[in-house]
Amino acid sequence: MSSIDLFQNPLRRWGKHKDGKRRPTVLVKELRERDRRRMVKHFLDLEDSDRLLRFGTVLPDEQVANYVNRIDFSRDMVFGVYNRVFKLVAVGHLAFAPRDESKSAVTEKERVAEFGVSVSRSARGLGIGSKLFERAAIHCRNDDVDTLYMHCLSSNKTMMHIAKKAGMEIHRDYGEADAYLKLPPANPASVLQEALDEQFATLDYTLKANKRIAAKWLDRLRGRK
């Protein structure tokens, strides 16, 4: 089964990418407490090289699990992408923090946001990281945050690509990179877009979850484990 096949669903909408290939629409869902267990599994499945790019160091399993378990869903926003078989294959963490006074020239808002993303190897090449970033950026706009940061290793080509594509200002120093993007204020279109994106993703999530439950039930009837 190809990686693209994993994203087939009743809500799929196909369009041509600039390279002429057809790509599925990526539906980004807001994650909550009920998704924490799958988030842990997603991060633990990352190879050492991917953990290095995501966290800046190769975290052991225990620290990875602690990171996920410490995420405060009432403060931060976490977005994810599920494939056709209801496996969480990408996670974007949008963490909010008070404005750093040393960077007060960048924004006058009380808060700033920092974004980190990871995509499973089986789901790469579909633009999922960029979609997660776009969802995070529009949420910032609608939540009165006008500055979005990303911090990563300079060798993280995926994050650097996302940053350049978004037009972020990038500063490199000692093998690391900081990038920030100034966001426009919210407007009726941005609010509507975020609401519609979440509604479509929620419906897609529900369909996949119910399909997964039905498949498990049928397996039990057939005597499978």
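Residues numbered from 1 in each chain as written. Predicted model: local features only at pLDDT ≥ 70, side-chain atom pairs only at ≥ 80, totals over all residues. Heavy atoms only, no water.

By the naming in an unreviewed UniProt entry, the protein goes by GNAT family N-acetyltransferase and is assigned to Duganella vulcania.

Caption draft 1: Expanded view of the overall build of the protein. Secondary structure assignment for the protein yields 6 helices and 9 strands. Scored against the burial criterion, the 225 residues of the protein give a buried share of 42%. Per element, the accessible surface of the protein, about 12,900 Å² overall, is 52% carbon and sulfur. (Helix = DSSP H or I, 4+ residues; strand = E, 2+ residues; numbered from the N terminus. Buried < 20%, exposed > 50% of the residue type's maximum accessible area, 1.4 Å probe, protein only. Areas by Shrake-Rupley, 256 points an atom, 1.4 Å probe, with all protein chains shown as cover.)

Caption draft 2: Structural context of a nonpolar patch on the surface. Taken together, the side chains of Leu192, Leu196 and Phe200 present a nonpolar region at the surface, about 270 Å² in accessible area. On the accessibility criterion, leucine 196 (37% relative accessible area) is partly exposed. (Patch = residues over 30% accessible without salt bridge, like charges linked within 9 Å, V, L, I, M, F, W, Y side chains within 5 Å. Salt bridge = Lys/Arg side-chain N within 4 Å of Asp/Glu carboxyl O.)

Caption draft 3: Representation of the pattern of salt bridges. One pass over the structure, following the stated rule, counts 15 salt bridges. With a closest N to O distance of 2.7 Å, glutamate 33 and arginine 36 form a salt bridge. Under the relative-accessibility criterion, glutamate 33 is labelled partly exposed at 48%. Among the salt bridges present, the one from aspartate 143 reaches arginine 111, with a minimum N-O distance of 2.7 Å. Of this pair, aspartate 143 sits in the loop between helix H4 (128-142) and strand S7 (147-153) while arginine 111 is found in strand S6 (residues 111-119), placing the two residues 32 residues apart along the sequence. Within this structure, Glu47, Asp50, Arg121 and Arg124 form a network of salt bridges that share partners.

Caption draft 4: Quick peek at unusual backbone geometry. Positive phi outside glycine occurs at phenylalanine 86, with the angle close to 60°. Within the secondary structure layout, phenylalanine 86 lies in the loop between strand S4 (77-82) and strand S5 (88-98). Relative accessible area serves as the criterion here: at 8%, phenylalanine 86 is assigned to the buried category. Look at aspartate 144: it is not a glycine, yet its phi comes out positive at around 60°. Inspection of the secondary structure assignment puts aspartate 144 in the loop between H4 and S7.

Caption draft 5: Structural detail: the packing of aromatic side chains. Within the structure shown, the criterion is met by 8 aromatic pairs. Here phenylalanine 43 and phenylalanine 55 contribute two aromatic rings whose centre-to-centre distance is 5.8 Å and whose plane-to-plane angle is 50°, an arrangement assigned as tilted. With phenylalanine 43 in helix H1 (residues 36-44) and phenylalanine 55 in helix H2 (residues 48-55), this residue pair connects regions lying 12 residues apart in the sequence. Phenylalanine 43 gets classed as buried once you look at its relative accessible area, which sits at 0%. (Phe/Tyr/Trp six-rings, centres within 6.5 Å; stacked < 30°, edge-to-face > 60°.)

Caption draft 6: Local environment of the pairing of S6. Counted residue by residue, S6 has 7 buried out of 9 residues, so it is predominantly covered. In this structure, S5 lies alongside S6, joined through 9 bridges in antiparallel fashion. Within S6, the residue paired with histidine 93 across the bridge is glycine 116. Sheet topology note: the S6/S7 ladder contains 2 bridges and is parallel. (Pairing = 2+ DSSP bridges.)

Caption draft 7: Here's a closer look at the sheet that holds S6. Strands sit in the order S3-S4-S5-S6-S7-S9-S8 across an open sheet of 7 strands; the sheet is mixed. The sheet terminates laterally at strand S3 (29-30) and strand S8 (169-173), the two strands that pair on one side only.

Caption draft 8: Seen up close, the nonpolar core. Ranked by internal contacts, the top residues of the largest apolar core, which has 34 residues, are Leu94, Phe115, Ile128, Leu132 and Leu148. Of all elements in the fold, only S4, S5, S6, H4, S7, helix H5 (157-166) and strand S9 (176-182) reach the threshold of two or more residues within this core. Examining the composition of this core, we find that 6 residues originate from one element, H4, more than from any other. (Core = buried A, V, L, I, M, F, W, Y, C linked by side-chain atoms within 4.5 Å.)

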